[in-house]
Amino acid sequence: MSDKLGIRGYDFVEFYVGSAKMVAYWYARAMGLEIKGYMGPETGSRDRISYYLQKNELKIVVSSAVQPSCHEILSFINKHGDGVKRWSIEVDDVDKIFSHAIANGAVISKRPHKLEDERGTIEQAAIRLYDDTELVYVNRDSYPHIFYPGYEKPIQEIQLACEDTGLMGIDHIVGNVRENEMDKWAEYFTKTMNFETFIDFKKGDIGTKYSALLSKVVRSEKSAIKNPINEPFEGAKKSQIEEYIEQYHGTGVQHIAIRTKDIVKSIRALRRNGMEFLSVPDTYYDALRERKDIRIKENIDDLQELKILCDRESEGYLLQLFTKPIGDRPTFFFEIIQRAGAQGFGKGNFQALFEAIEMDQELRGNLEYN
Ligand code: FE2
(Lines give C-alpha, C1' and ligand atoms only; values in the text may rest on other atoms or scores of the structure.)
Protein backbone atom coordinates (compact mmCIF):
# COMPACT_ATOMS: atom_id res chain seq x y z
CA MET A 1 0.00 0.00 0.00
CA SER A 2 2.99 2.31 0.46
CA ASP A 3 4.46 4.54 -2.26
CA LYS A 4 8.04 4.65 -3.56
CA LEU A 5 9.29 6.55 -0.52
CA GLY A 6 7.53 4.05 1.76
CA ILE A 7 4.72 6.39 2.89
CA ARG A 8 1.75 4.39 4.18
CA GLY A 9 -0.53 7.06 5.64
CA TYR A 10 -1.21 9.26 8.63
CA ASP A 11 -0.31 7.93 12.05
CA PHE A 12 -0.90 10.01 15.23
CA VAL A 13 -1.30 13.73 15.94
CA GLU A 14 -0.02 15.13 19.23
CA PHE A 15 -1.44 18.24 20.86
CA TYR A 16 0.29 20.15 23.66
CA VAL A 17 -2.41 21.37 26.03
CA GLY A 18 -2.88 22.98 29.44
CA SER A 19 -4.40 19.93 31.11
CA ALA A 20 -4.14 16.58 29.32
CA LYS A 21 -6.61 14.89 31.67
CA MET A 22 -9.37 17.38 30.97
CA VAL A 23 -8.70 17.58 27.25
CA ALA A 24 -8.68 13.76 27.03
CA TYR A 25 -12.08 13.79 28.69
CA TRP A 26 -13.29 16.24 26.02
CA TYR A 27 -12.00 14.05 23.16
CA ALA A 28 -13.72 11.06 24.71
CA ARG A 29 -16.96 12.80 25.57
CA ALA A 30 -17.37 15.20 22.64
CA MET A 31 -15.57 13.38 19.83
CA GLY A 32 -16.31 9.79 20.86
CA LEU A 33 -12.68 8.63 20.99
CA GLU A 34 -11.57 5.89 23.35
CA ILE A 35 -8.85 6.53 25.93
CA LYS A 36 -6.49 3.64 25.22
CA GLY A 37 -3.18 4.64 26.81
CA TYR A 38 -1.67 6.73 29.56
CA MET A 39 1.83 7.91 30.42
CA GLY A 40 2.55 9.84 33.61
CA PRO A 41 4.30 9.69 36.99
CA GLU A 42 2.77 6.25 37.70
CA THR A 43 4.46 4.87 34.57
CA GLY A 44 7.79 6.64 35.12
CA SER A 45 7.22 9.96 33.36
CA ARG A 46 8.00 12.56 36.03
CA ASP A 47 7.32 15.88 34.38
CA ARG A 48 4.66 15.26 31.75
CA ILE A 49 1.39 13.40 31.28
CA SER A 50 0.02 12.06 28.02
CA TYR A 51 -3.22 10.34 27.07
CA TYR A 52 -3.50 8.32 23.89
CA LEU A 53 -6.96 8.23 22.31
CA GLN A 54 -8.13 6.24 19.34
CA LYS A 55 -11.15 5.62 17.16
CA ASN A 56 -10.76 3.43 14.08
CA GLU A 57 -7.65 4.86 12.34
CA LEU A 58 -7.81 8.18 14.17
CA LYS A 59 -5.01 8.42 16.75
CA ILE A 60 -4.67 11.46 18.98
CA VAL A 61 -2.28 12.17 21.84
CA VAL A 62 -2.76 15.02 24.30
CA SER A 63 0.17 15.96 26.52
CA SER A 64 0.70 18.48 29.28
CA ALA A 65 3.46 19.46 31.73
CA VAL A 66 3.15 18.60 35.40
CA GLN A 67 6.44 20.17 36.52
CA PRO A 68 8.04 23.55 35.72
CA SER A 69 11.02 21.60 34.36
CA CYS A 70 8.99 20.49 31.33
CA HIS A 71 10.05 23.50 29.27
CA GLU A 72 9.24 21.97 25.91
CA ILE A 73 5.50 21.84 26.59
CA LEU A 74 5.29 24.92 28.81
CA SER A 75 7.06 27.22 26.38
CA PHE A 76 4.90 25.89 23.53
CA ILE A 77 1.58 26.52 25.27
CA ASN A 78 2.77 29.81 26.74
CA LYS A 79 3.31 31.09 23.21
CA HIS A 80 0.77 29.24 21.08
CA GLY A 81 -1.93 28.10 23.48
CA ASP A 82 -3.22 24.54 23.02
CA GLY A 83 -2.18 23.34 19.57
CA VAL A 84 -0.69 20.66 17.33
CA LYS A 85 2.96 20.06 18.21
CA ARG A 86 3.49 17.19 15.78
CA TRP A 87 1.76 15.01 13.25
CA SER A 88 3.12 11.81 11.86
CA ILE A 89 3.38 9.62 8.83
CA GLU A 90 3.61 5.86 9.09
CA VAL A 91 6.41 4.64 6.81
CA ASP A 92 8.05 1.36 5.74
CA ASP A 93 11.57 2.55 6.55
CA VAL A 94 12.32 5.55 8.77
CA ASP A 95 16.01 5.79 7.78
CA LYS A 96 15.19 5.76 4.09
CA ILE A 97 12.61 8.57 4.08
CA PHE A 98 14.58 10.64 6.61
CA SER A 99 17.79 10.44 4.54
CA HIS A 100 15.87 11.37 1.41
CA ALA A 101 14.19 14.33 3.15
CA ILE A 102 17.43 15.64 4.64
CA ALA A 103 19.35 15.27 1.38
CA ASN A 104 16.68 17.42 -0.25
CA GLY A 105 16.58 20.26 2.23
CA ALA A 106 14.47 19.16 5.21
CA VAL A 107 15.48 20.64 8.56
CA ILE A 108 16.36 18.01 11.14
CA SER A 109 14.30 17.92 14.27
CA LYS A 110 15.16 14.41 15.55
CA ARG A 111 17.52 11.97 13.87
CA PRO A 112 16.33 8.36 13.45
CA HIS A 113 16.26 6.56 16.79
CA LYS A 114 14.64 3.59 18.47
CA LEU A 115 12.24 3.64 21.40
CA GLU A 116 12.22 0.32 23.19
CA ASP A 117 10.79 -1.56 26.10
CA GLU A 118 10.49 -5.27 26.85
CA ARG A 119 7.54 -5.53 24.46
CA GLY A 120 9.21 -4.22 21.33
CA THR A 121 10.68 -1.35 19.38
CA ILE A 122 9.43 1.72 17.55
CA GLU A 123 11.58 3.56 15.05
CA GLN A 124 11.09 7.24 14.49
CA ALA A 125 12.65 10.47 13.25
CA ALA A 126 11.33 13.98 12.75
CA ILE A 127 11.78 17.01 10.55
CA ARG A 128 10.80 20.55 11.31
CA LEU A 129 7.60 22.00 9.95
CA TYR A 130 6.34 25.62 10.07
CA ASP A 131 7.57 27.70 13.05
CA ASP A 132 7.32 25.24 15.89
CA THR A 133 5.76 22.03 14.57
CA GLU A 134 7.28 18.65 13.77
CA LEU A 135 6.55 16.06 11.12
CA VAL A 136 7.37 12.62 12.54
CA TYR A 137 8.18 9.48 10.54
CA VAL A 138 7.24 6.36 12.46
CA ASN A 139 7.41 2.63 11.97
CA ARG A 140 5.60 0.54 14.58
CA ASP A 141 5.83 -2.89 12.90
CA SER A 142 7.86 -4.26 15.86
CA TYR A 143 5.73 -2.77 18.61
CA PRO A 144 2.55 -4.76 19.29
CA HIS A 145 1.61 -2.99 22.55
CA ILE A 146 -0.25 0.27 23.35
CA PHE A 147 0.89 3.19 21.17
CA TYR A 148 4.54 3.82 22.25
CA PRO A 149 6.92 2.48 24.90
CA GLY A 150 6.08 4.21 28.18
CA TYR A 151 2.33 3.99 27.67
CA GLU A 152 0.17 1.69 29.77
CA LYS A 153 -3.54 1.06 30.03
CA PRO A 154 -5.20 4.13 31.58
CA ILE A 155 -5.03 3.98 35.36
CA GLN A 156 -7.93 6.34 35.83
CA GLU A 157 -11.40 5.00 35.37
CA ILE A 158 -12.55 7.57 32.89
CA GLN A 159 -13.81 5.32 30.12
CA LEU A 160 -17.07 6.84 29.02
CA ALA A 161 -20.08 5.29 27.44
CA CYS A 162 -20.90 7.56 24.57
CA GLU A 163 -22.65 7.58 21.24
CA ASP A 164 -20.66 6.36 18.21
CA THR A 165 -19.57 9.42 16.25
CA GLY A 166 -18.37 7.31 13.30
CA LEU A 167 -15.02 9.09 12.97
CA MET A 168 -12.70 6.98 10.80
CA GLY A 169 -9.30 8.67 10.35
CA ILE A 170 -7.50 11.72 9.01
CA ASP A 171 -8.35 13.00 5.53
CA HIS A 172 -6.04 16.02 5.44
CA ILE A 173 -4.08 18.39 7.68
CA VAL A 174 -3.88 22.10 6.91
CA GLY A 175 -1.15 24.61 7.75
CA ASN A 176 -1.40 28.41 8.01
CA VAL A 177 1.65 30.44 7.06
CA ARG A 178 2.53 34.13 6.54
CA GLU A 179 2.26 36.12 3.34
CA ASN A 180 4.85 34.89 0.80
CA GLU A 181 5.60 31.70 2.76
CA MET A 182 3.12 29.35 1.06
CA ASP A 183 5.30 28.54 -1.95
CA LYS A 184 8.30 27.91 0.26
CA TRP A 185 6.41 25.38 2.41
CA ALA A 186 4.73 23.74 -0.58
CA GLU A 187 8.19 23.28 -2.06
CA TYR A 188 9.40 21.86 1.27
CA PHE A 189 6.95 18.99 0.81
CA THR A 190 7.50 18.53 -2.91
CA LYS A 191 11.29 18.51 -2.62
CA THR A 192 11.81 16.58 0.58
CA MET A 193 9.08 13.91 0.17
CA ASN A 194 8.30 13.90 -3.56
CA PHE A 195 4.84 15.40 -2.97
CA GLU A 196 3.05 16.99 -5.92
CA THR A 197 1.08 20.22 -6.02
CA PHE A 198 -2.47 19.00 -6.50
CA ILE A 199 -4.49 22.23 -6.33
CA ASP A 200 -3.38 25.85 -6.50
CA PHE A 201 -6.01 28.41 -5.42
CA LYS A 202 -4.81 31.73 -6.76
CA LYS A 203 -5.77 35.34 -6.23
CA GLY A 204 -9.54 35.74 -6.63
CA ASP A 205 -10.34 32.05 -6.05
CA ILE A 206 -10.95 32.26 -2.31
CA GLY A 207 -12.36 35.33 -0.66
CA THR A 208 -15.31 37.30 0.62
CA LYS A 209 -16.02 40.97 0.02
CA TYR A 210 -13.66 41.74 2.93
CA SER A 211 -10.78 39.32 2.96
CA ALA A 212 -8.91 36.77 0.91
CA LEU A 213 -6.39 33.98 1.06
CA LEU A 214 -4.24 31.86 -1.20
CA SER A 215 -3.98 28.11 -0.82
CA LYS A 216 -1.91 25.32 -2.30
CA VAL A 217 -2.57 21.63 -1.74
CA VAL A 218 0.36 19.23 -1.82
CA ARG A 219 -0.10 15.47 -1.65
CA SER A 220 2.06 12.38 -1.42
CA GLU A 221 2.58 10.10 -4.41
CA LYS A 222 -0.45 7.90 -3.69
CA SER A 223 -2.49 10.68 -2.02
CA ALA A 224 -2.28 9.08 1.43
CA ILE A 225 -1.13 12.45 2.80
CA LYS A 226 -2.84 15.67 1.71
CA ASN A 227 -1.58 18.93 3.08
CA PRO A 228 -3.18 22.24 2.09
CA ILE A 229 -1.18 25.36 3.01
CA ASN A 230 -2.88 28.76 3.34
CA GLU A 231 -1.44 32.24 3.35
CA PRO A 232 -3.28 35.55 3.74
CA PHE A 233 -3.88 37.72 0.70
CA GLU A 234 -4.48 41.44 0.79
CA GLY A 235 -8.10 42.46 1.43
CA ALA A 236 -10.07 45.30 2.97
CA LYS A 237 -10.15 43.61 6.38
CA LYS A 238 -8.01 41.21 8.34
CA SER A 239 -8.28 37.66 7.01
CA GLN A 240 -8.85 34.58 9.14
CA ILE A 241 -5.28 33.48 8.36
CA GLU A 242 -3.90 36.75 9.75
CA GLU A 243 -6.07 36.32 12.83
CA TYR A 244 -4.68 32.80 13.30
CA ILE A 245 -1.06 33.92 12.97
CA GLU A 246 -1.58 36.79 15.42
CA GLN A 247 -3.37 34.67 17.99
CA TYR A 248 -1.15 31.59 17.61
CA HIS A 249 1.92 33.80 17.57
CA GLY A 250 3.32 32.09 14.52
CA THR A 251 2.60 29.57 11.80
CA GLY A 252 1.20 26.10 12.47
CA VAL A 253 -1.60 23.61 11.94
CA GLN A 254 -4.95 25.30 11.32
CA HIS A 255 -7.29 22.32 11.00
CA ILE A 256 -7.47 18.57 10.66
CA ALA A 257 -10.19 17.02 8.54
CA ILE A 258 -11.58 13.73 9.82
CA ARG A 259 -13.25 11.20 7.53
CA THR A 260 -16.65 9.68 8.20
CA LYS A 261 -18.75 7.30 6.10
CA ASP A 262 -22.01 8.83 7.31
CA ILE A 263 -21.73 12.53 8.01
CA VAL A 264 -25.40 12.94 8.92
CA LYS A 265 -25.01 10.40 11.71
CA SER A 266 -21.62 11.82 12.78
CA ILE A 267 -22.72 15.45 12.97
CA ARG A 268 -25.94 14.51 14.75
CA ALA A 269 -23.94 12.63 17.41
CA LEU A 270 -21.26 15.35 17.70
CA ARG A 271 -23.89 18.07 18.10
CA ARG A 272 -25.62 16.03 20.80
CA ASN A 273 -22.22 15.74 22.53
CA GLY A 274 -21.98 19.52 22.62
CA MET A 275 -19.58 20.14 19.73
CA GLU A 276 -19.97 23.65 18.28
CA PHE A 277 -19.98 24.13 14.51
CA LEU A 278 -19.85 27.15 12.24
CA SER A 279 -23.28 28.46 11.35
CA VAL A 280 -24.64 28.19 7.82
CA PRO A 281 -27.55 30.40 6.68
CA ASP A 282 -30.79 28.77 5.43
CA THR A 283 -30.32 30.59 2.12
CA TYR A 284 -27.40 28.21 1.45
CA TYR A 285 -29.89 25.30 1.32
CA ASP A 286 -32.37 27.23 -0.84
CA ALA A 287 -29.54 27.66 -3.35
CA LEU A 288 -28.52 24.00 -2.98
CA ARG A 289 -32.06 22.79 -3.80
CA GLU A 290 -32.00 24.87 -6.97
CA ARG A 291 -28.76 23.37 -8.23
CA LYS A 292 -29.70 20.75 -10.81
CA ASP A 293 -26.21 19.24 -10.86
CA ILE A 294 -26.05 18.36 -7.20
CA ARG A 295 -27.61 14.81 -7.25
CA ILE A 296 -26.76 13.38 -3.86
CA LYS A 297 -27.95 10.34 -1.91
CA GLU A 298 -28.49 12.30 1.28
CA ASN A 299 -31.66 14.21 2.08
CA ILE A 300 -31.14 18.00 1.82
CA ASP A 301 -33.55 18.50 4.75
CA ASP A 302 -31.13 16.50 6.95
CA LEU A 303 -28.21 18.58 5.69
CA GLN A 304 -30.11 21.78 6.46
CA GLU A 305 -31.15 20.61 9.92
CA LEU A 306 -27.53 19.79 10.80
CA LYS A 307 -26.00 22.63 8.70
CA ILE A 308 -23.84 20.31 6.62
CA LEU A 309 -22.21 21.79 3.50
CA CYS A 310 -22.20 20.05 0.11
CA ASP A 311 -20.05 20.50 -2.97
CA ARG A 312 -19.98 18.70 -6.31
CA GLU A 313 -17.01 18.19 -8.59
CA SER A 314 -16.82 16.31 -11.86
CA GLU A 315 -15.90 12.97 -10.19
CA GLY A 316 -18.44 13.11 -7.38
CA TYR A 317 -19.42 15.14 -4.34
CA LEU A 318 -18.37 15.78 -0.79
CA LEU A 319 -20.14 16.77 2.40
CA GLN A 320 -18.32 18.72 5.08
CA LEU A 321 -18.68 20.87 8.15
CA PHE A 322 -16.26 22.82 10.32
CA THR A 323 -16.21 23.11 14.09
CA LYS A 324 -15.60 26.37 15.86
CA PRO A 325 -12.09 26.68 17.31
CA ILE A 326 -11.91 23.95 19.96
CA GLY A 327 -9.68 25.77 22.45
CA ASP A 328 -9.57 29.20 24.07
CA ARG A 329 -7.81 30.96 21.21
CA PRO A 330 -9.36 31.28 17.71
CA THR A 331 -6.74 28.99 16.21
CA PHE A 332 -7.19 25.24 15.74
CA PHE A 333 -10.46 23.59 14.61
CA PHE A 334 -11.67 20.31 13.11
CA GLU A 335 -13.43 19.57 9.84
CA ILE A 336 -15.68 16.53 9.42
CA ILE A 337 -15.78 15.27 5.83
CA GLN A 338 -17.54 12.56 3.84
CA ARG A 339 -16.23 11.99 0.33
CA ALA A 340 -18.44 10.49 -2.36
CA GLY A 341 -15.99 10.51 -5.24
CA ALA A 342 -14.83 14.11 -4.95
CA GLN A 343 -11.12 14.58 -4.23
CA GLY A 344 -11.14 18.34 -3.66
CA PHE A 345 -11.74 20.47 -0.58
CA GLY A 346 -15.15 22.05 -1.13
CA LYS A 347 -14.24 25.08 -3.22
CA GLY A 348 -17.93 25.79 -3.79
CA ASN A 349 -18.35 26.23 -0.03
CA PHE A 350 -15.47 28.59 0.60
CA GLN A 351 -17.61 31.70 0.31
CA ALA A 352 -20.30 30.51 2.78
CA LEU A 353 -17.66 29.14 5.08
CA PHE A 354 -15.49 32.22 5.21
CA GLU A 355 -18.47 34.49 5.71
CA ALA A 356 -19.40 32.33 8.72
CA ILE A 357 -15.83 32.61 10.06
CA GLU A 358 -15.91 36.38 9.60
CA MET A 359 -19.10 36.65 11.66
CA ASP A 360 -17.23 35.03 14.57
CA GLN A 361 -14.09 37.10 13.88
CA GLU A 362 -16.23 40.23 14.16
CA LEU A 363 -17.55 39.10 17.57
CA ARG A 364 -13.97 38.63 18.76
CA GLY A 365 -13.05 42.13 17.59
CA ASN A 366 -10.57 40.74 15.07
CA LEU A 367 -12.12 41.88 11.78
CA GLU A 368 -10.76 45.41 11.61
CA TYR A 369 -9.93 47.22 8.37
CA ASN A 370 -6.35 46.85 7.17
FE1 FE2 B 1 -10.10 21.16 5.04
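Preceding this paragraph is the structure being described.
Residues numbered from 1 in each chain as written. Predicted model: local features only at pLDDT ≥ 70, side-chain atom pairs only at ≥ 80, totals over all residues. Heavy atoms only, no water.

A. View of the coordination of the iron ion. Taken together, His172 (NE2), His255 (NE2) and Glu335 (OE) make up the full set of protein donors to the iron ion, lying 2.0 to 2.2 Å away. Assessed through its relative accessible area of 1%, His172 is described here as buried. Residue classification places His255 among the buried positions, given a relative accessible area of 7%. (Donors = N, O, S within 2.8 Å, 3.2 Å for Na, K, Ca; no water. Buried < 20%, exposed > 50% of the residue type's maximum accessible area, 1.4 Å probe, protein only.)

B. Fine view of the environment of Pro68. With respect to the helices, strands and loops of the structure, Pro68 is situated in the loop between strand 4 (58-65) and helix 2 (71-80). Spatially, the C-alpha atom of Pro68 lies 9.8 Å from that of Arg48, the residues being 20 residues apart in sequence. (Helix = DSSP H or I, 4+ residues; strand = E, 2+ residues; numbered from the N terminus.)

C. Expanded view of helix 5 (residues 240-248). Of the residues making up helix 5, those classed as buried are Gln240, Ile241, Glu243, Tyr244, Ile245 and Tyr248. Among the residues trailing helix 5, His249 stands out with phi positive, at a value near 60 degrees.

D. Representation of the sheet that holds strand 8 (residues 133-139) within the structure. Pairing is mixed in the open sheet, where eight strands are placed in the order 2-3-4-1-5-8-7-6. One side of each edge strand has no neighbouring strand; the edge strands of this open sheet are strand 2 (34-39) and strand 6 (108-117). Ignoring strand direction, the axes of neighbouring strands in this sheet form an average angle of 25 degrees. Of the pairings in the sheet, the one linking strand 7 (residues 120-129) to strand 8 comprises seven bridges and is antiparallel in character. In the sheet register, Glu123 faces strand 8, and the bridge partner there is Asn139. (Pairing = 2+ DSSP bridges. Axes fitted to C-alpha atoms, helices over the stretch in contact; angles between N-to-C directions.)

E. Inspection of the pairing of strand 13 (residues 252-260) at higher detail. Burial of strand 13 is extensive: eight of the nine residues sit out of reach of the surface. Bridge analysis of strand 13 against strand 16 (residues 333-340) gives five bridges, and the strand direction is parallel. The residue of strand 16 that forms the bridge with Ile256 is Phe334.

F. Region of interest: the side chain of Thr133. Looking at the element boundaries, Thr133 is found in strand 8. Among residues more than four places away in sequence, those in contact with Thr133 are Val84, Lys85, Arg86, Ile127, Arg128, Thr251, Gly252 and Val253. (Contact = heavy atoms within 4.5 Å.)

G. View of the environment of Glu72. Within the secondary structure, Glu72 sits in helix 2. Residues Glu72 and Tyr16 lie 56 residues apart in sequence; the distance between their C-alpha atoms is 9.4 Å. Apart from the residues lying within four places of it in its own chain, the contact partners of Glu72 are Tyr16, Arg48, Lys85 and Arg86.

H. Focus on empty space enclosed by the protein. Within the structure shown, the criterion is met by four cavities of 30 Å³ or more. Taken as a whole, the largest cavity spans an internal volume of roughly 220 Å³. Together, 21 residues line the largest cavity, and Asn230, Gln254, His255, Phe350 and Phe354 are the ones closest to its centre. When contributions to the lining of the largest cavity are tallied by element, the ones reaching two or more residues are strand 9 (167-176), strand 11 (212-219), strand 12 (226-233), helix 5, strand 13, strand 16 and helix 9 (350-363). Residue contributions to the lining of the largest cavity peak at four residues, all from helix 9. For the lining of the largest cavity, the per-class residue count stands at 14 nonpolar, six polar and one charged. In this model, the second largest cavity occupies a volume close to 150 Å³. Looking at the lining of the second largest cavity, the elements with two or more residues in it are helix 5 and helix 9. By residue number, the principal contributor to the lining of the second largest cavity is helix 5, which donates three residues. In the lining of the second largest cavity, the residues fall into six nonpolar, five polar and four charged. (1 Å grid on protein atoms, 1.4 Å probe; cavity = no way out; pocket = protein on both sides within 12 Å on 5 of 7 lines; lining within 4 Å. Points joined across faces, edges and corners; volume = space filled by probe spheres on them. Nonpolar A, V, L, I, M, F, W, Y, C, P; charged D, E, K, R; others polar.)

I. Main features of the pattern of salt bridges. Scanning the model with the defined rule gives 35 salt bridges in all. Residue Asp92 pairs with Arg8 through a salt bridge whose shortest N-O separation is 2.7 Å. Separated by 84 residues along the polypeptide, Asp92 in the loop between strand 5 (83-91) and helix 3 (94-103) and Arg8 in strand 1 (residues 7-16) bring together distant segments of the chain. Its relative accessible area of 36% is what places Asp92 among the partly exposed residues. For Arg8, a relative accessible area of 27% translates into the label partly exposed. It is possible to trace a salt-bridge network through shared partners that takes in Glu14, Arg48, Glu72, Arg86, Lys110 and Glu134. (Salt bridge = Lys/Arg side-chain N within 4 Å of Asp/Glu carboxyl O.)

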